[in-house]
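# Structure assessment
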Amino acid sequence: MPDSLPPKYYGAIVVGAGHAGAEAALAVARSGHPVLLVSMDLEAIARMSCNPAIGGLAKGHIVREIDALGGEMGLAIDATGIQFRMLNRSRGPAVWAPRAQADKKQYSLYMARTLKNQPNVWLKQAQAARLLVESGRCVGIVTHANEKIYADTVILTTGTFLQGLIHVGNVNYAGGRRDESPAVGLSDSLRKNGIELIRFKTGTPPRLRSGSIDWEKLEEQKGDEPPQPFSYRTKSIETPQISCHITYTNERTHQIIREHLHLSPLYAGRIVGTGPRYCPSIEDKVVKFCDKTRHQIFLEPEGLDTDEIYVNGMSMSLPAEIQKQIVQSIHGLERAEIVRNAYAIEYDCAPPTQLKHSLETKQIQNLFLAGQINCTSGYEEAAAQGLMAGLNAVRKIRGEKEFVLDRSEAYIGVLIDDLVTRGTTEPYRMFTSRAEFRIVLRQDNADERLMKYGCAFGLISKDVFERLEQSTQRIKTAIESLRTKFHQSARLDQMLKRPGVEISDLTRSGIWTHDLNSTEASKVSCEVKYEGYAARQLEEVRRFKTSEKKQIPETIDYKAIKGISHEAKEKLAQIKPVSIGQASRIPGVSSCDLSLLVVHIEKQTRGRNKAEAD
């Protein structure tokens, strides 16, 4: 924490010190503005409340993008990761995804140290009770101690804490996370200022004592060797690496669950919040996939200095005694001891169609929302939103245009556009299938796509950016060399496109030489092998950007447009799309509605031009 006295007025107040809050605070501070990070527990900064891992399918792309923009998540997992794996290697490189198990305690400590040592960041242990709103602008917060704190902008990153309610069997109690109090008061303040809230639900599995597990019965899952870092600024992984293990549920497991479904608050009707479709509880899996005789379970160590094992794939909210029966029915876990019981949690969140692409609320100026409050799930989605909210708070403070990544630039752009344009009726999770342009949005080229923005904000140093430019030039030179050199009348780039042929085959046989490192060589291979697909997708990107440039006037009256459906008028008025491209992605807006909208805008434009000419 800075040694100087805190300012009386901040550039930003960040409420919540989870993954979104940490990135938001660092982004504002590193851009040169004072920021106050408010948390109910300063010992819980960036706590991994559920899965002790970063990355995964599509999420790994997001972490690489966060890093390219100058965020901290990639560096944090590189410093504390205990198993690194590149997923989906059997498929095309567009869907390869890095993932790493974290030492969850060390991850939290790393982020806490980073924030405490960052100039322009002040930390305060307090609970935000309500917003200070004047003339439609958020100017600060009021704490439960009735302390008023003022700032140019406020960023809410409240996670699962807003009116949090924890469920274990027929027992429920107020809580934002296990053994942590919920945030009370802020929900009422948001509603009073015109922000709609809904209830969502998520959950976490039990943790087991390592020594009570029969590891010899289980399938070992090792990490990659050598481990590949997430961050472009990390030279190598120094943390000791460990293995995870795999087991499966069985018919006995499923029978126990079916017999006790009436004790699950989810099926007894005590939980009203909507749960995550793509990370269902074990109760949901057994009911909804009744044809399956088993479900895969991953046993993941939570750190190097703890004996707690995370049971990935077994989120539940059944009573404690039933949880024990379920766990001990599984191969290798017959003697397993539960250290922490599983639970479900309900919490308030705000439908994200109430946001601009900058993550500023439409209803309240200078108020930004990021993370699970925006109906998302996952550390990575939260961190990305926190970073973008922080960067846009900086733009707001400076009176500059908002910073928006579009769908053709980044998975982060897809994430935010999906949220603010389409909304969601369940906790949102990123997948590669959500990105139309995923061939050009690979996890290995996030630096080339986005590091220029990180450098412009001052979050990426000039020497790091210069190294990228030098690397990019080496890659371009290597590709040009492959296109101009031949072997037995075959052009080398065409040889490389053949199935099963890799750059190592060309160099080993003496056909071609290069000065690339392994990462650069992999990029060259991807660029050459997929250039045909990429070229077609780049043409799609060009058409996409053309539609995004067709702006919709802020003053447009959708009710006055004849022929547009009633549903389209409602949705357009609610979302307030800034372009024809965005309007085309709104559910309920048909191609006919779009055509009529374009005609209406063109008529208005001609009318204005004629009036100005007269």
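Provided above is the structure to which this section pertains.
Everything in this summary refers to the structure shown in the same document. Everything numeric here is computed off the predicted structure, so don't read it as measured data. (Residues numbered from 1 in each chain as written. Predicted model: local features only at pLDDT ≥ 70, side-chain atom pairs only at ≥ 80, totals over all residues. Heavy atoms only, no water.)

Moving on: the overall build of the protein chain. Helix and strand content of the protein chain: 20 helices and 22 strands. Since a compact globule built from 614 residues should have a radius of gyration of about 25 Å, the 26 Å found for the protein chain is in line with a globular shape. Every one of the 614 residues in the protein chain was classed for burial, and the buried ones make up 56%. Restricting the contact set of the protein chain to residue pairs at least 6 apart, pairs at least 24 apart contribute 74%. Surface accessibility of the protein chain: about 26,400 Å² in total, with carbon and sulfur atoms responsible for 49%. Across the protein chain, the 82 positively charged side chains and the 74 negatively charged ones have centroids separated by 4 Å. (Helix = DSSP H or I, 4+ residues; strand = E, 2+ residues; numbered from the N terminus. Rg over C-alpha atoms; globule rule 2.2 N^0.38 Å. Buried < 20%, exposed > 50% of the residue type's maximum accessible area, 1.4 Å probe, protein only. Contact = heavy atoms within 4.5 Å. Areas by Shrake-Rupley, 256 points an atom, 1.4 Å probe, with all protein chains shown as cover. Lys, Arg positive; Asp, Glu negative; His and termini not counted. Charge placed at Lys NZ, Arg CZ, Asp CG, Glu CD.)

This part is about the packing of aromatic side chains. By the definition in use, this model includes 6 aromatic pairs. Between the aromatic rings of Tyr530 and Tyr533, the centroid separation amounts to 6.0 Å while the plane-to-plane angle is 40°, which identifies the pairing as tilted. Taken together, the ring pairs connect Phe403, Tyr453 and Phe457 into an aromatic cluster. The ring of Trp96 has Arg89 lying over it, and the distance from NZ or CZ to the ring centre is 5.0 Å. Its end group placed over the ring of Tyr248, Arg294 keeps NZ or CZ at 3.6 Å from the ring centre. (Phe/Tyr/Trp six-rings, centres within 6.5 Å; stacked < 30°, edge-to-face > 60°. Lys NZ or Arg CZ within 6 Å of the ring centre and 35° of its normal.)

We now examine helix 18 (residues 566–575). Residues Ala568, Leu572 and Ile575 constitute the buried set of helix 18. Down the axis of helix 18, the sector holding all buried residues measures 75°, keeping them to one side. Phi for Lys576, located one or two positions after helix 18, is positive at around 55°. (Arc of directions from axis to C-beta.)

Across the sheet, which stays open at both edges, the 3 strands sit in the order 3-5-4 with antiparallel pairing between neighbours. Unpaired on one side and paired on the other, strand 3 (53–55) and strand 4 (81–87) mark the two borders of the sheet. Adjacent strand axes in the sheet meet at a mean angle of 20° when their direction is disregarded. One ladder, built from 3 bridges, connects strand 3 with strand 5 (residues 97–102); its direction is antiparallel. From the neighbouring strand, Ile54 faces strand 5, where its bridge partner is Ala100. Packed onto the sheet, helix 2 (residues 59–68) meets strand 3 and strand 5 and runs at close to 80° relative to strand 3. Of the strands in this sheet, strand 3, strand 4 and strand 5 touch helix 3 (residues 73–80), which is tilted by about 115° from strand 4. (Pairing = 2+ DSSP bridges. Axes fitted to C-alpha atoms, helices over the stretch in contact; angles between N-to-C directions.)

Another point: the environment of Pro226. When you line up the elements, Pro226 lands in the loop between strand 14 (219–221) and strand 15 (244–248). In the structure, Pro226 is positioned 379 residues away from Thr605 in sequence and 60 Å away in space, judged by C-alpha atoms.

In this section: the nonpolar core. Core analysis: the largest hydrophobic core is formed by 104 residues, its most contacted members being Leu131, Leu156 and Ile412. With 10 residues, the single largest contributor to this core is helix 10 (residues 379–397). (Core = buried A, V, L, I, M, F, W, Y, C linked by side-chain atoms within 4.5 Å.)

All right, on to the layout of surface pockets then. There is about 1,200 Å³ of room inside the second largest pocket. Along its surface, the second largest pocket is lined by 39 residues, and His357, Glu402, Gln551, Val578 and Gln582 are the ones closest to its centre. In terms of residue count, helix 17 (residues 531–549) provides more of the lining of the second largest pocket than any other element does, 4 residues in total. Of the residues that constitute the lining of the second largest pocket, the class distribution is 15 nonpolar, 6 polar and 18 charged. (1 Å grid on protein atoms, 1.4 Å probe; cavity = no way out; pocket = protein on both sides within 12 Å on 5 of 7 lines; lining within 4 Å. Points joined across faces, edges and corners; volume = space filled by probe spheres on them. Nonpolar A, V, L, I, M, F, W, Y, C, P; charged D, E, K, R; others polar.)

Sheet architecture is open: 6 strands sit in the order 14-15-16-17-13-18, paired in antiparallel fashion. Each edge of the sheet is formed by a strand with only one pairing partner; in this case those strands are strand 14 and strand 18 (338–340). Sheet twist, expressed as the mean angle between neighbouring strand axes with direction ignored, is 35°. Judged from the 4 bridges that link them, strand 16 (residues 296–301) and strand 17 (residues 308–312) form a sheet pairing that is antiparallel. In the sheet register, Glu300 faces strand 17, and the bridge partner there is Tyr310.

Turning our eyes to something else, we now look at the pairing of strand 11 (residues 171–174). Of the strand pairs in this sheet, strand 10 (residues 165–168) and strand 11 are connected by 4 bridges, and their pairing is antiparallel. By the bridge assignment for strand 11, Leu165 is matched with Ala174. Here strand 10 folds back onto strand 11, and the loop between the two strands holds 2 residues, one of which, Gly169, carries a positive phi near 60°.

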